[in-house]
Amino acid sequence: MNCKDGMLRWLRDLLCGALIGAGAILPGVSGGVLAVVFDIYRPFMEVLTHPFQALPKYWKWVPALVIGWCVGFLGFARGISAMMEQSDAVTYWLFIGLIVGTLPQLFREAGKEGRSPGAWLSFAVCFTVMFLGLYRASRTAAFHVEPSLFWYNFCGVLWGMGIIIPGFTSSSIIMALDLYQPLMDGLSRMDVRVLASTLPGMLVTIALLARLVSWFFRRFYALAFHGILGIVTASTLVIVPTSYTGAGEAAVAAGCCVGGFLLAYFLGRLDKRVGQPGA
């Protein structure tokens, strides 16, 4: 890989990391799903489960993704919160465009080891369970809990699950607990109390779940990835906005969807040019 392609690879990974970090805090979007569709999930899991073997292969890739993730997770907290205050529909359509733009790549990834009847059954079951679960949750009345060290740590556990388990939309649960806005405010201010409460729970959860999830993917590759394909499809359909303030908002939302799709297409083209992580 020449210097120019290496810089493109670094910028691509930085952008992907930022989008995954932003997706982790956006209700209805899973950071783990975005990691899968950007073809980062498997290398990430390798680094977590076998760091001494994986880091020599991915050491050039890790810093850009980590920096990007921190920027997306912490730096975009205020921006995403502000965007959602202005228009939920526009924000969601941007991420829907990103996801739809990567679905063909995810479909090819799922079929690398064949498409058995069991794999299609996994797709159908995961799609149905995720769609019905999220559909019902989105229409269930939220209840309020008072922000505290315990609940912020619990939110960190949920975020860790969202990173390791593709399709687990942790921020939607946090919103149902009425903790989303206090968390976003704390993160945007870099509040030490909020960070010290959420990060330990997130990191411990990632460490505990990484090996179990990685083993399942190695043992049941086709079933796992077709299940993820079902989860991605269902979770994307559920977050499609159905109400708009007017034609202007709908037009902006459509433009953001197209922009997200083109960004995903651009990232896919970069993958073909500069290769996958570790290449």
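Keep in mind that this is a model prediction, so the values were computed, not measured.

**Concerning the layout of surface pockets**
Right, so step 1: Estimates place the volume of the second largest pocket at around 540 Å³.
Right, so step 2: If you trace the second largest pocket, you find 23 residues lining it, with Phe44, Leu65, Val66, Trp69 and Ile163 closest to the centre.
Right, so step 3: Elements that contribute at least two residues to the lining of the second largest pocket include exactly helix 1 (3-25), helix 2 (31-37), helix 3 (41-49), helix 5 (62-75) and helix 12 (192-219).
Right, so step 4: Among the elements that make up the lining of the second largest pocket, the one with the highest residue count is helix 5 (seven residues).
Right, so step 5: The class makeup of the residues in the lining of the second largest pocket is 20 nonpolar, three polar and no charged.

**Quick look at the nonpolar core**
Right, so step 1: Judged by nonpolar contacts, the single largest core of 51 residues is most densely connected at Trp159, Ile174 and Leu183.
Right, so step 2: The dominant element in this core, judged by the number of residues it contributes, is helix 12, at seven residues.
Right, so step 3: Among the nonpolar cores identified, the runner-up in size contains seven residues, and Val90, Trp93, Ile96 and Cys257 belong to it.

**Observations concerning the packing of aromatic side chains**
Right, so step 1: Evaluation of the coordinates by the stated rule reveals nine aromatic pairs.
Right, so step 2: Where phenylalanine 127 meets phenylalanine 131, the ring centres are 5.9 Å apart and the plane angle is 10°; that geometry is what we call stacked. One end of the pair, phenylalanine 127, and the other, phenylalanine 131, are both in helix 8 (residues 117-138), four residues apart, so they sit about a helical turn from each other.
Right, so step 3: Classification of phenylalanine 131 as partly exposed rests on a relative accessible area of 27%.
Right, so step 4: Taken together, the aromatic side chains of Phe107, Trp120, Phe123, Phe127 and Phe131 make up a single cluster linked through ring pairs.
Right, so step 5: The ring of phenylalanine 107 carries the charged tip of arginine 115 above its face, separated from the ring centre by 3.7 Å.

**Comments concerning the environment of isoleucine 25**
Right, so step 1: Among the structural elements, isoleucine 25 can be located in helix 1.
Right, so step 2: When its relative accessible area of 0% is taken as the criterion, isoleucine 25 is described as buried.
Right, so step 3: Sequence spacing of isoleucine 25 and tyrosine 180 is 155 residues, and the spatial spacing of their C-alpha atoms is 8.7 Å.

**Things to note about helix 7 (residues 88-110)**
Right, so step 1: An ideal rise of 1.5 Å per residue puts 33 Å on 23 residues; helix 7 measures up with 31 Å between its terminal C-alpha atoms.
Right, so step 2: In helix 7, a bend of some 40° at leucine 103 exceeds every other bend along the element, and proline 104, a proline, comes one to four places later.

**Regarding the packing of helix 3 against helix 4 (residues 51-58)**
Right, so step 1: The interhelical angle for the contact between helix 3 and helix 4, taken along N-to-C directions, is 135°, at an axis separation of 6 Å. By the criterion of interaxial angle, the relationship of helix 3 to helix 4 is oblique. Crossing angle aside, the handedness with which helix 3 passes helix 4 is left-handed. Contacts from Pro43, Glu46, Val47, Leu48 and Thr49 of helix 3 reach helix 4 at Pro51, Ala54, Leu55, Lys57 and Tyr58.
Right, so step 2: Looking at side-chain class alone, the contact of helix 3 with helix 4 contains seven nonpolar, one polar and two charged residues.

Each value, and the rule that gives it
- Residues numbered from 1 in each chain as written.
- Predicted model: local features only at pLDDT ≥ 70, side-chain atom pairs only at ≥ 80, totals over all residues.
- Heavy atoms only, no water.
- 1 Å grid on protein atoms, 1.4 Å probe; cavity = no way out; pocket = protein on both sides within 12 Å on 5 of 7 lines; lining within 4 Å.
- Points joined across faces, edges and corners; volume = space filled by probe spheres on them.
- Helix = DSSP H or I, 4+ residues; strand = E, 2+ residues; numbered from the N terminus.
- Nonpolar A, V, L, I, M, F, W, Y, C, P; charged D, E, K, R; others polar.
- Core = buried A, V, L, I, M, F, W, Y, C linked by side-chain atoms within 4.5 Å.
- Buried < 20%, exposed > 50% of the residue type's maximum accessible area, 1.4 Å probe, protein only.
- Phe/Tyr/Trp six-rings, centres within 6.5 Å; stacked < 30°, edge-to-face > 60°.
- Lys NZ or Arg CZ within 6 Å of the ring centre and 35° of its normal.
- Expected span 1.5 Å × (residues − 1).
- Bend = angle between axes of the 7 residues up to and from the residue.
- Axes fitted to C-alpha atoms, helices over the stretch in contact; angles between N-to-C directions.
- Parallel < 35°, antiparallel > 145°, perpendicular 65-115°, else oblique.
- Left-handed = near helix turned anticlockwise from the far one by under 90°.
- Contact = heavy atoms within 4.5 Å.

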